[in-house]
Protein chains: 2
Amino acid sequence: MARKSGSSAEKTRPLVEAAAKRLFARHGYAAVSMRQIAAEVGVQAGALYLYTPDKQSLLFELMKTHMEELLAAWAKSDPGGAADRQLHAFVEFHIAFNLQSLEAVFISYMELRNLTPENFAHIEDMRRAYETVLEDILKAGMAEGTYQLEDTKLTTLAIIAMLNGVNTWYKESGRLTREQVAGIYVEMVRRAVGG
Amino acid sequence: MARKSGSSAEKTRPLVEAAAKRLFARHGYAAVSMRQIAAEVGVQAGALYLYTPDKQSLLFELMKTHMEELLAAWAKSDPGGAADRQLHAFVEFHIAFNLQSLEAVFISYMELRNLTPENFAHIEDMRRAYETVLEDILKAGMAEGTYQLEDTKLTTLAIIAMLNGVNTWYKESGRLTREQVAGIYVEMVRRAVGG
DNA sequence: GTCTATACTAAGATAGAC
DNA sequence: GTCTATCTTAGTATAGAC
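Given the structure is predicted, the values throughout are model-derived calculations rather than measurements. (Residues numbered from 1 in each chain as written. Chains lettered and ligands numbered in written order. Predicted model: local features only at pLDDT ≥ 70, side-chain atom pairs only at ≥ 80, totals over all residues. Heavy atoms only, no water.)

Enquirer: Help me understand the nonpolar core, please; the structure alone is not making it clear to me.
Expert: If you look at soluble globular proteins, the nonpolar side chains tend to sit buried side by side. Phe24, Ile37 and Tyr185 of chain A together with Phe24, Ile37 and Tyr185 of chain B are the most contacted members of the largest nonpolar core, which totals 123 residues. Once residues within four sequence positions are removed from consideration, Ile37 of chain A is found in contact with Val16, Ala19, Ala20, Leu23, Phe24, Val32, Leu48 and Leu58 of chain A. (Core = buried A, V, L, I, M, F, W, Y, C linked by side-chain atoms within 4.5 Å. Buried < 20%, exposed > 50% of the residue type's maximum accessible area, 1.4 Å probe, protein only. Contact = heavy atoms within 4.5 Å.)

Encoded structure:
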């Protein structure tokens, strides 16, 4: 039999996840209480346990979902072809995706140490998979002779750190649009890899 | 009359600061309790209040001291001269200083949101002063005609983000020494600014 | 599915003995 | 200068009524 249509469980669940995301991003996982999350949703603290076994799972599911979406989105955006074409696409993709997922990205970088060891290992695997995407592009560029790099691993980490920085200062109301920012970064990255 | 030489206040104070730094860096400000800090020092929680009015001040003093040391250390290291010479020095200085102050740097980036608004404003001013050091070097390079940059502010933030990334992955036991890492970054930064 | 009530633990901070 | 004891508040999580 169909679920009672007046039931609000299917509405409440996403509200819980959204409130957790917003609050964790703003105040940090450790500083946010289940009571605060409940208050944001408009239910009592006890009711949250209908949707999550505990606070840790709320954090882990948030991060896991974000990383899965990131990897899936790149798989769809990857244009293939020459390394330089892929690098260009990667830089634009990374900036665009991160800016539209500000809170999840912020949490994924700040709250790693609040994951249990098993959950941490899982997220780390996904993060490494993403780094490998960029490193493979750089390696391809080396093989093509397009890029001259002293160290592809270091360059990968340097580029990702640089791109992530955008999230900490970009404002919709700032003097540059996302596209202008992305354009400047594409150019800086190209120069940095000697392309 | 001289302070009693058996008195341990002058020993305990730095122990409190060191314990707070270590614990805040490892677990995050919000997740660390005054009791944990006291346990690390080997005193009772109440005794901490002889050295700090509250937990917030412990965090703020830590960050303020770090930023002051950073700015003072650069003032001593600044070689002056042409932009390229200064940029080279800045990159090496930033990596070396950050790697020898791992915990304080980590805290200074992660715990900004746990500062009271007044304390936050103070730290932000100092952080901006440090960014201005780099931006002024880039502007000088532009004036000299050494660098070709689309945007000195963006480039400043991109370079600092890239350099800060080193702190998240560098291991003393890794395959590269600090000097090798710094060398690779100097080269990447040079290329990125079109020098 | 949500509420109230509550068990249990621990937080930051203070008072007063030693 | 440090300890013990304590105040007050708030945390996660559960039980059972509705």
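Enquirer: What exactly am I supposed to notice about the packing of aromatic side chains here?
Expert: The description of an aromatic ring pair rests on the distance of the ring centres and on the angle between the ring planes. Taken as a whole and assessed by the stated rule, the structure comprises 12 aromatic pairs over all chains. Plain terms: the ring middles of Trp74 of chain B and Phe90 of chain B are 5.4 Å apart, the flat faces sit at 70° to each other, and that makes the pair edge-to-face. Placement of Trp74 of chain B in helix α3 (residues 55-77) and of Phe90 of chain B in helix α4 (residues 83-99) is noted, with a sequence separation of 16 residues between them. Across this residue pair, the class does not change: Trp74 of chain B and Phe90 of chain B are buried. Here the aromatic residues Trp74, Phe90, Phe93, Phe97 and Tyr130 of chain A are joined through ring pairs into a cluster of three or more. The cationic tip of Lys55 of chain A hangs over the ring face of Tyr29 of chain A; the distance from NZ or CZ to the ring centre is 4.5 Å. (Phe/Tyr/Trp six-rings, centres within 6.5 Å; stacked < 30°, edge-to-face > 60°. Helix = DSSP H or I, 4+ residues; strand = E, 2+ residues; numbered from the N terminus. Lys NZ or Arg CZ within 6 Å of the ring centre and 35° of its normal.)

Enquirer: I tried to follow the relation of the copies chain A and chain B on my own but got confused; where do I start?
Expert: Each copy of the chain is related to the other by a rotation around an axis and a translation along that axis. For the match of chain A to chain B, the screw axis carries a shift of 0.0 Å, the RMSD comes to 0.0 Å, and the turn is 180°. Given the turn and translation reported, the copies of this chain are related as if by a two-fold rotation axis. A shared interface surface links the copies, since 100% of the contact residues of chain A are contact residues in chain B too. (Least-squares fit on C-alpha atoms with pLDDT ≥ 70 in both.)

Enquirer: Is there a simple way to think about the interface of chain A and chain B in this case?
Expert: How big an interface is tends to be stated in terms of accessible area lost as the parts join. With 37 residues of chain A at the interface, the matching set in chain B holds 37 residues. Taking both sides of the interface into account, the surface hidden between chain A and chain B amounts to around 2800 Å²; carbon and sulfur atoms contribute 62%. In terms of surface lost to chain B, no three residues of chain A exceed Arg113, Leu154 and Arg191 of chain A, which account for 25% of the buried area on that side. Where chain A touches chain B, the interface holds four salt bridges. Elements with a contribution of two residues or more to the side of chain A that touches chain B: α1 (9-27), α5 (102-110), α7 (152-169) and α8 (178-192) of chain A. Tallying contributions element by element places α7 of chain A first for the side of chain A that touches chain B, with nine residues. Grouping the constituent residues of the side of chain A that touches chain B by class yields 21 nonpolar, seven polar and nine charged. (Buried area = accessible area lost by both parts, 1.4 Å probe. Salt bridge = Lys/Arg side-chain N within 4 Å of Asp/Glu carboxyl O. Nonpolar A, V, L, I, M, F, W, Y, C, P; charged D, E, K, R; others polar.)

Enquirer: Quick question: what am I supposed to make of the pattern of salt bridges here?
Expert: Close approach of charged atoms allows side chains with opposite charge to pair. Counted under the stated rule, the structure contains 26 salt bridges over all chains. Note that Asp84 of chain B is salt-bridged to Arg190 of chain B, the shortest N-O span being 2.7 Å. Here Arg190 of chain B lies in helix α8 (residues 178-192) and Asp84 of chain B lies in helix α4, a separation of 106 residues in the sequence. Taken together, the salt bridges that share partners define one network made up of Glu124, Asp125, Arg127, Arg128, Glu131, Glu135, Lys139 and Lys153 of chain A.

Enquirer: Honestly, the side chain of Asp151 of chain B in this entry has me stumped. Any pointers?
Expert: With respect to the helices and strands, the residue Asp151 of chain B is situated in the loop between α6 (117-144) and α7 (152-169). A polar side-chain atom of Asp151 of chain B sits 3.1 Å from the main-chain amide nitrogen of Lys153 of chain B. (Polar contact = N/O pair within 3.5 Å; in protein donor to acceptor, adjacent residues only side chain to side chain.)

Enquirer: Hey, could you run me through the packing of helix α4 (residues 83-99) of chain A against α8 of chain A in this one?
Expert: Two quantities define a packed helix pair, namely the angle between the axes and the distance from one axis to the other. Residues and elements named next belong to chain A. Remark: α4 packs on α8, axes separated minimally by 10 Å, with the N-to-C direction vectors making an angle of 140°. The orientation of α4 with respect to α8, classified from their angle, is oblique. As for how α4 packs across α8, the hand of that crossing is right-handed. Counted together, Asp84, Leu87, His88, Val91, Glu92, Ile95, Ala96 and Leu99 of α4 and Arg178, Ala182, Tyr185, Val186, Val189 and Arg190 of α8 form the full contact between these two elements. (Axes fitted to C-alpha atoms, helices over the stretch in contact; angles between N-to-C directions. Parallel < 35°, antiparallel > 145°, perpendicular 65-115°, else oblique. Left-handed = near helix turned anticlockwise from the far one by under 90°.)

Without other data, these values stay purely geometric and don't point to any function.
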